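Listed here are the chains, written in short residue letters.
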Amino acid sequence: MEAVEKPSAVQRNPYEAALKNFDIAADHLELDHDIRAMLRDPERELTVTVPVRMDDGKVETFVGYRVQYSTARGPGKGGIRFHPNVTLDEVKALACWMTWKCAVVNIPFGGAKGGVTCNPKKLSIRELEHLTRRYTVGILPLIGPDLDIPAPDVYTNPQIMAWMMDTYEMTKGYSVPGVVTGKPVSLGGSHGRNEATGRGVFYSIQNACDFLNISLENTTVVVQGFGNAGSVTAHLLDSAESNVVAVSDSTGCIYNKDGLSIPKLILHKAHTGSVLGFAGSEEISADDMLSLRCDILVPAALEGAITGENADRLNARIIAEAANGPITPDADSILFGKGVFVIPDILCNAGGVTVSYFEWAQDESHVFWDEAEVYARLEKIMKNSFMDVLKIHRDRHVNMRVAANMLGVGRVAEAARLRGLYPQ
Ligand code: NAD
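This report concerns the structure included in the present document. (Residues numbered from 1 in each chain as written. Predicted model: local features only at pLDDT ≥ 70, side-chain atom pairs only at ≥ 80, totals over all residues. Heavy atoms only, no water.)

**A closer look at the nonpolar core**
- Membership of the largest hydrophobic core comes to 92 residues, with the highest contact counts inside it found for Trp100, Ile205, Val247, Val298 and Ile343.
- Val247 has contacts with Val223, Phe226, Gly252, Cys253, Ile254, Leu260, Leu265, Val275 and Met289, leaving out every residue within four places of it along the chain.
- Val52, Val116, Ile143 and Trp163 belong to the second-largest nonpolar core, a separate cluster that totals 24 residues. (Core = buried A, V, L, I, M, F, W, Y, C linked by side-chain atoms within 4.5 Å. Buried < 20%, exposed > 50% of the residue type's maximum accessible area, 1.4 Å probe, protein only. Contact = heavy atoms within 4.5 Å.)

As structure tokens, this is what we get:
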């Protein structure tokens, strides 16, 4: 692993960043003390020990988490991350952001998140399956189609969701496809879910370009993180005649000033497991990549990628946050001061959870939609949500992040107020 994998101090505590943004939105909304107090901590946190018999016959223990930040607007919803740097505070931050995100796109879910501190790249398939199933049993009391619905996140995928669903069903004795989303289509998954996050990011970029009067054609693009979210975003931008000039993953960064062929790069990464060594590209450092002059920068890896230390060196007109929390609050002030148009994560990457909602609705109703219907509904929700955030940005003279947080926090606060406090 190279240096970019090591978390900085700010990355180590993204929950502080999440709370800071909550406080800013709460101040603008003039939330009263009681509602603010109720929304400033997660409803429920569960830590589980996950013992796994490894291929060498020895038992190794991992630590897993599931956090339900708020269920005021509906069941918990949020992905599962398998990564060596997973901490309880990271999961709390991600669950907090999920809460405001579901409210921004106005879908009937609260916010949750889960994770296991592990390096899935070092596990065999058998070990990965056992880890997934034992973790699922650990968080079993919290999950269910009306309770809390997991989905994929960093280093988890449809196969892992299939194992989670199967484990849950084995304990129940009947079929419950709505317990997870992001499953394979053949197990009740939705068409379009696998590429929903990247597609939603692409729609958000289109919406921003329309607003800023920029034509996507010939724009230069830099993508940090070439996984599910980043590679789909890059592919759709490439198809729209944008020029993706630099891309990175956990192994390093590549650059070609004339543009990288994204379909070929996807094949190269699938084949070699890395973006490095792609024909016609040169390797550059992570710092150099982030400071490249470009129209659109898409951080699509982990939180805390853009900090007070590197924000001033960035040369992008638009930053589309495919990742959750890639920009720290101190970097935010610098970027907004420079006039960079930031599409905040809880709006920009909400396509994933929106299609997860479609998947859950299809599972619950047993009626399935084709890909065209999924994309049409997604595009409409992304457009309406962008316009809702933009309206607050303009009417209240706040930046796009504050506007998105005001929309999300405001909707959750309204639900909490209407519910009242029980028992009292
Ligand atoms: P993924 O596991 O498919 O991909 C992650 C990618 O990031 C990999 O290519 C990995 O090599 C790369 N990476 C890891 N560390 C890096 C580093 N330090 N520098 C550069 N690249 C690095 O995960 P994903 O699902 O694409 O998630 C990426 C981001 O998008 C996360 O912040 C996640 O929370 C967010 N997100 C994902 C979804 C979803 O539906 N999958 C939805 C909303 C938001």
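And the narrative resumes.
**Re the packing of aromatic side chains**
- Evaluation of the coordinates by the stated rule reveals eleven aromatic pairs.
- Relative to Phe341, the ring of Phe211 has its centre 5.7 Å away and its plane inclined at 45°; by these criteria the two rings are tilted. One end of the pair, Phe211, is in helix 7 (residues 196–212); the other, Phe341, is in strand 12 (residues 341–343), with 130 residues separating them in the sequence.
- Residue class for Phe211 comes out partly exposed when judged on its relative accessible area of 29%.
- The buried category is assigned to Phe341, whose relative accessible area is 9%. (Phe/Tyr/Trp six-rings, centres within 6.5 Å; stacked < 30°, edge-to-face > 60°. Helix = DSSP H or I, 4+ residues; strand = E, 2+ residues; numbered from the N terminus.)

**Considering the packing of helix 4 (residues 88–104) against helix 15 (residues 400–419)**
- Here helix 4 crosses helix 15 at 90°, and the two axes come no closer than 8 Å. Taken together, the axes of helix 4 and helix 15 lie roughly perpendicular to each other. In this structure, helix 4 contributes Thr99, Trp100, Ala103 and Val104 to the contact, and helix 15 contributes Ala404, Asn405, Leu407, Gly408, Val409, Arg411 and Val412.
- Across the contact of helix 4 with helix 15, the residue classes tally to seven nonpolar, three polar and one charged. (Axes fitted to C-alpha atoms, helices over the stretch in contact; angles between N-to-C directions. Parallel < 35°, antiparallel > 145°, perpendicular 65-115°, else oblique. Nonpolar A, V, L, I, M, F, W, Y, C, P; charged D, E, K, R; others polar.)

**Topic: the site of the ligand**
- Close to the ligand lie 26 residues; Asp153, Tyr155, Thr197, Asn228 and Asn324 are nearest.
- Note that an oxygen atom of the ligand is positioned 3.0 Å from one of the side-chain N or O atoms of Arg81.
- With respect to the ligand, the side chain of Thr197 contributes an N or O atom lying 2.7 Å from an oxygen atom.
- Contact with the protein chains removes 92% of the 820 Å² of surface that the ligand exposes when unbound. (Near = heavy atom within 4 Å. Polar contact = N/O pair within 3.5 Å; in protein donor to acceptor, adjacent residues only side chain to side chain. Areas by Shrake-Rupley, 256 points an atom, 1.4 Å probe, with all protein chains shown as cover.)

**Things to note about the sheet that holds strand 4 (residues 111–117)**
- Ordered by their spatial adjacency, five strands build an open sheet running 1-2-4-3-5, and the pairing between neighbours is mixed. Whereas interior strands pair on both sides, the edge strands pair on one side only; in this sheet they are strand 1 (44–53) and strand 5 (148–152). Geometrically, the sheet is characterised by an average inter-axis angle of 25° between neighbouring strands, direction not taken into account.
- One ladder, built from four bridges, connects strand 3 (residues 76–83) with strand 4; its direction is parallel. Counted as the bridge partner of Phe82 is Val116 from strand 4.
- Helix 6 (residues 158–172) contacts strand 3 and strand 5 of the sheet and is inclined by roughly 150° relative to strand 5. (Pairing = 2+ DSSP bridges.)

**Thoughts on the sheet that holds strand 7 (residues 243–249)**
- The sheet built from seven strands is open, its strands ordered 9-8-7-6-10-11-12 with mixed pairing. Looking along the sheet, the strands with just one partner apiece sit at the ends: strand 9 (282–284) and strand 12. Within the sheet, the average angular offset between the axes of one strand and its neighbour, ignoring direction, is 25°.
- As judged from the four bridges shared by strand 6 (residues 220–224) and strand 10 (residues 293–299), these two strands associate in the parallel manner. In the strand pairing of strand 10, Val221 is matched with Ile296.

**So, the pairing of strand 3**
- The buried count for strand 3 comes to eight of eight residues, which makes it a mostly enclosed element.
- Relative to strand 5, strand 3 runs parallel, the two sharing five bridges. For Gly76, the partnering residue across the bridge sits in strand 5 and is Asp148.
- Crossover handedness for the path strand 3 to helix 4 to strand 4: right-handed. (Right-handed = clockwise from strand over helix to strand, strands pointing away.)

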